[in-house]
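# Coordinate analysis (summary)
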Amino acid sequence: MTDAQETAAASSLRTTGGAPPDDGGSTAPGAPTPLLEPREGIPPVVADEETLAEVIAAFAAGTGPVAVDAERASGYRYGQRAYLVQLRRAGAGTALVDPVACPDLSALGDALADTEWVLHAATQDLPCLREIGMIPTRLFDTELAGRLAGFPRVGLGAMVESVLGYVLEKGHSAVDWSTRPLPEPWLRYAALDVELLVDLRDALEAELEHQGKLEWARQEFAAIAAAPPAEPRKDPWRRTSGMHKVRRRRQLAVVRELWQTRDRIAQRRDVSPGKVLPDAAIVEAALAVPATVHALAALGGFGHRMGRRQLEQWQAAVDRARALSESQLPLPGQPVTGPPPPRAWADKDPAAAARLSAARAKISTLAERLNMPQENLITPDTVRRVCWEPPHSADAQGIADVLGSLGARAWQVELVTPVLVEALGTGAA
């Protein structure tokens, strides 16, 4: 039996109120079945090295792919560290590991090094897993598989429901996972997130093979597994929400000083930066450039609840920005490393604009025929770069070489090259 079949057999564990359904698997004809309890119950949280060693041995002895998930405390804590890791593998069952109590899980990662990891939206979890020593060499991303297969909704709950016929309870996805001890309902939710992940993987693999897309998916998964850690963002303060309102360089300097001050405080206190000072308050202070604590306190986000000492630290940041010379002020916008924004192409290079318009239309048609999102067929940035500065020889080989150099996978090169050859010819005409 697969996990899904076993779970279906254990109907008393998964239907509302614990009563078995009347129709042999659903609470109503054709309706999905609520999945309310892990089939072996909620496992105890692994929070010491001795128990962790037992889990490592059990999972090393298991068979088949391993389902992996991680819970973070986004919006509550600083950074994106993992506060719970969930795993499930045939022969080992489900494990819930506390990476706060067991911060080095490299031994667990090593034990699963030759195993395919099944994750949903892998790029979201891989950074925090990497921090604790868990790095897969092979993976299957069920969200990406759903995109390639043409599913309109690719969240885990939607995929489990549409593919396997079960409803996952998703009420605890945005809770503070740094809470200790973790409440039992949260642990149940966490265990259920990996309960059917391998079954979902198997069903999606069969669907991709049926559609002739399985090799494409394998290339995508290999690229994710091989990708190096992302480089730190340059000038992350520029991503402050509402920055489009900030025009002058002095105002930009205020945003930068307030953002950097807030980031230091948030990191020291291990809280989300937004809980220290909202983005809206930073932008309002930047627009006003207040000269005194009294003027700052009159602005939204710096009201009566904020103590004098806090106000003074924010005013000190504003004062640092006010004291900068003109040459020290940040420049508006970030240095452009690629093509300009497409809206400017018609004025800067009408021929390139025509190429881009033709390429977008043809890629849209191809993506629709293949029943997948355009951005999974080829990234918009790749299309822009090829259209803005085509190879000297805009034939199939020249375009294929450029696509490969920009990181396109072999399946993408094969499908998109003929489309771009035609589009660049149309644009030139």
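Rules used in this analysis
- Residues numbered from 1 in each chain as written.
- Predicted model: local features only at pLDDT ≥ 70, side-chain atom pairs only at ≥ 80, totals over all residues.
- Heavy atoms only, no water.
- Domains from an automatic or database assignment.
- Contact = heavy atoms within 4.5 Å.
- Salt bridge = Lys/Arg side-chain N within 4 Å of Asp/Glu carboxyl O.
- Phe/Tyr/Trp six-rings, centres within 6.5 Å; stacked < 30°, edge-to-face > 60°.
- Lys NZ or Arg CZ within 6 Å of the ring centre and 35° of its normal.
- Core = buried A, V, L, I, M, F, W, Y, C linked by side-chain atoms within 4.5 Å.
- Buried < 20%, exposed > 50% of the residue type's maximum accessible area, 1.4 Å probe, protein only.
- Helix = DSSP H or I, 4+ residues; strand = E, 2+ residues; numbered from the N terminus.
- Pairing = 2+ DSSP bridges.
- Axes fitted to C-alpha atoms, helices over the stretch in contact; angles between N-to-C directions.

## Regarding the domain arrangement of the protein
- Annotation of the protein at the domain level lists domain 1 (33-226), domain 2 (236-323) and domain 3 (342-426).
- In this structure, domain 1 and domain 3 have C-alpha centres spaced 35 Å apart.
- Taken together, the ten residues of domain 1 in the interface contact eleven residues of domain 3.
- Our count for the contact surface shared by domain 1 and domain 3 stands at one salt bridge.
- Across the salt bridge formed by Arg 409 and Glu 220, the nearest N and O atoms sit 2.8 Å from each other.

## Some words on the packing of aromatic side chains
- With the rule as written, the count across this model stands at five aromatic pairs.
- Counting every residue linked through ring pairs, the aromatic cluster contains Trp 177, Trp 186 and Tyr 189.
- The aromatic ring of Tyr 83 is capped on one face by Arg 81, whose charged end is 4.9 Å from the ring centroid.

## Some words on the nonpolar core
- Ranked by size, the top nonpolar core spans 81 residues in total, and within it Val 85, Leu 87, Leu 105, Met 134, Leu 139, Leu 377 and Leu 403 carry the most contacts.
- Ranked by residue count, the leading element in this core is helix α16 (residues 350-370), at eight residues.
- When residues are assigned to domains, this core turns out to be shared by domain 1 (33-226) and domain 3 (342-426), each giving three or more.
- Filtering out sequence-adjacent residues up to four positions away, Met 134 remains in contact with Val 85, Leu 87, Leu 105, Leu 108, Gly 109, Trp 117 and Leu 129.

## Observations regarding the sheet that holds strand β4 (residues 82-90)
- Read across the open sheet, the six strands follow the order β2-β5-β4-β3-β6-β7; overall the sheet is mixed. Every other strand in the sheet has two partners, leaving β2 (45-46) and β7 (138-141) as the edge strands with one partner each.
- Taken together, the five bridges between β4 and strand β5 (residues 93-97) define a ladder with antiparallel strand orientation. Note that in β5 the partner of Gln 86 across the bridge is Leu 96.
- Strand contacts of helix α5 (residues 142-149): β6 (116-119) and β7, with the helix running at about 55° to β7, the strand carrying the most contacts.
- Its contacts with the sheet put helix α7 (residues 184-195) on β2, β3 (63-72), β4 and β5, and the angle it makes with β4 is roughly 45°.

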